Amino acid sequence: MPPTEPGPYRAGETALVVAIPEAEPLVGPWRSRLDAAAADGVPAHVTILYPFLDRDRLDEGALDRLIGAHPAFDVRFTGCGRFPGVLYLSPDPERPFRELTEAVAARWPEAPPYGGRFASIVPHLTVADQQEPELLDHVAAELAAGLPLAARVREVRLLVSDGRRWHEDRIFALGRRL
């Protein structure tokens, strides 16, 4: 049997995300073609913290208490935003996502958002990644017809990589005062 190629992720690496299943009908067809994370098992989401701690280092009780101290909230996605090569839906309000990210990163400073690569936190729901601007223009125009999109945020999901794909490991409910 030939050796298998290593996957793009490390086995045991984790991410904290807010899945937005209400977005799947609108963004799912685009994500399946234009965002490799979708093919790797990652749902339409707004990232809270990636990369997070390795699975074997997690203190689930502390994470449950921290996330539970934040209230559930409503969000609307009313337009698209861009990073170089990336098209995303912009959440409104974005503050509750940012506050969750800041709280988790403050509790676990060894896991800064995006590994510390960016100076600011910009909550977003990625639709297309590593694509040409002309294609992003086309996708943004197509998405506009389906916006605004509303959702209720009630939980944060812990995703764990097996080295090739991401799997939901645990759900932490918002608004649980422990």
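Each chain carries its own residue numbering, running from 1 in the direction its sequence is written. Totals for whole chains, interfaces and linings use every residue, but because this is a predicted model, local features are given only for residues with pLDDT of at least 70 and side-chain atom pairs only at 80 or more, for both listing and counting. The basis for every side-chain value is the complete set of heavy atoms in the structure, and neither hydrogens nor water enter the calculation.

Draft legend 1. Examining the nonpolar core more closely. Counting 45 residues, the largest nonpolar core has Phe 52 and Leu 125 as the members making the most contacts within it. If we skip the residues at most four places from it in the chain, Phe 52 touches Thr 14, Ala 15, Leu 16, Leu 58, Leu 63, Val 104, Trp 108 and Ala 111. Residues Tyr 9, Ala 15, Val 17 and Val 42 belong to the second largest nonpolar core, which totals seven residues. In this text, buried Ala, Val, Leu, Ile, Met, Phe, Trp, Tyr and Cys residues form a nonpolar core when linked through side-chain atoms within 4.5 Å. Each residue is placed in one exposure class: buried if its accessible area under a 1.4 Å probe, protein chains only, is under 20% of its type's maximum, exposed if it is over 50%, and partly exposed if it falls in between. Only heavy atoms matter for contacts: two residues are in contact if any of them lie within 4.5 Å across the pair.

Draft legend 2. Representation of the packing of aromatic side chains. In this scheme Phe, Tyr and Trp rings, the latter by its six-membered ring, pair at centre separations within 6.5 Å, and the angle between planes marks the pair as stacked below 30 degrees, edge-to-face above 60, and tilted otherwise. Evaluated as defined, the whole model comprises six aromatic pairs. Centre to centre, the rings of Phe 73 and Phe 97 are 5.1 Å apart; their planes meet at 85°, and the pair counts as edge-to-face. Residue Phe 73 is found in strand β3 (residues 73-83), and its partner Phe 97 is found in helix α4 (residues 95-107); the two are separated by 24 residues along the sequence. Given the relative accessible area of 9%, Phe 73 is considered buried. Taking the relative accessible area as the measure of exposure, Phe 97 reaches 0% and is therefore buried. Here Tyr 114 and Phe 118 contribute two aromatic rings whose centre-to-centre distance is 5.8 Å and whose plane-to-plane angle is 75°, an arrangement assigned as edge-to-face. For Tyr 114, a relative accessible area of 26% corresponds to the partly exposed category. The class of Phe 118 is partly exposed, set by a relative accessible area of 48%. Among the aromatic side chains, those forming a connected cluster through ring pairs are Tyr 9, Tyr 50 and Trp 166. Only DSSP runs of H or I with at least four residues qualify as helices, and only runs of E with at least two residues qualify as strands; both kinds are numbered from the N terminus onward.

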